[in-house]
Amino acid sequence: MRTLPTERAFRVLLLCLLMVLSACQPRTEAEFFKKAEVYAEKGRFEKAVETYQKYLADFPEGERRDKALFRSGEILYYALGQRAPAVRNFDLLVRKYPASASAFRAREILAGVFRDEVQDYKRAAIEYRCLLEQQPESPKAPGYQLQIARC
């Protein structure tokens, strides 16, 4: 079967375009994080979150999954005001990676959300109790105790 010159040119152009697009995509965990942070620094928060979510999909056993969940949750919560997806990210983070430093920071945010925004004082107390158990010697420990009592 013969192809017309314009059809051949179109195929070559399409192949070149696909090669260029694939070359622009991050390939390593570090490249994903660098790209996401560049987006965040430029105020392109939706693209930053999208890049972290793509990382989570592309690296199901990645070493930085806890950080990606935290950072995307942080951007969703603070920069985009999307509380529900942020809380889902933080909740997944504390369930899957409870020993992570990112999980500890996520628990601090969750405790405040449950206490102040949702008024779920039982869940807030649980989060504060977990924080206290994880770092009983923390300078914030008395504050966590106070919040448990208040909740």
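Residues numbered from 1 in each chain as written. Predicted model: local features only at pLDDT ≥ 70, side-chain atom pairs only at ≥ 80, totals over all residues. Heavy atoms only, no water.

Our next topic: the pattern of salt bridges. Using the criterion set out here, one finds 13 salt bridges in the structure. Across the pair Glu108 and Lys140 runs a salt bridge whose closest N-O atoms are separated by 3.0 Å. With a gap of 32 residues between them, Glu108 in helix H6 (residues 101-117) and Lys140 in the loop between helix H7 (121-134) and helix H8 (141-150) connect regions that are remote in the sequence. Overall, Lys140 belongs to the partly exposed group, its relative accessible area being 46%. (Salt bridge = Lys/Arg side-chain N within 4 Å of Asp/Glu carboxyl O. Helix = DSSP H or I, 4+ residues; strand = E, 2+ residues; numbered from the N terminus. Buried < 20%, exposed > 50% of the residue type's maximum accessible area, 1.4 Å probe, protein only.)

Position of Ile109 among the secondary structure elements: in helix H6. Taking the C-alpha atoms as reference points, Ile109 and Val87, separated by 22 residues in sequence, lie 8.8 Å from one another. If sequence neighbours within four positions are ignored, Ile109 has contacts with Phe70, Tyr77, Tyr78 and Phe90. (Contact = heavy atoms within 4.5 Å.)

Turning to the nonpolar core, a few remarks are in order. Counting residues in hydrophobic clusters, the biggest one holds 36 residues, and the most contacted among them are Phe90 and Tyr128. Of all the secondary-structure elements, those providing two or more residues to this core are helix H2 (29-41), helix H3 (45-58), helix H4 (65-79), helix H5 (83-96), H6, H7 and H8. The element best represented in this core is H6, accounting for eight residues. (Core = buried A, V, L, I, M, F, W, Y, C linked by side-chain atoms within 4.5 Å.)

Turning our eyes to something else, we now look at H3. Between its first and last C-alpha, H3 extends 20 Å over 14 residues, near the 20 Å set by a 1.5 Å rise per residue. Taken together, the buried positions of H3 are Ala48, Val49, Thr51, Tyr52, Tyr55 and Leu56. All buried residues of H3 project into a common sector of 160° when viewed along the axis, lining one side. Every exposed residue of H3 that faces more than 90 degrees away from the buried side is listed here: Glu46 and Ala57. (Expected span 1.5 Å × (residues − 1). Arc of directions from axis to C-beta.)

A few words now on unusual backbone geometry. Backbone geometry places Gln119, a non-glycine residue, at a positive phi of 55°. Tracing the backbone shows Gln119 in the loop between H6 and H7. For Gln119, a relative accessible area of 44% corresponds to the partly exposed category.

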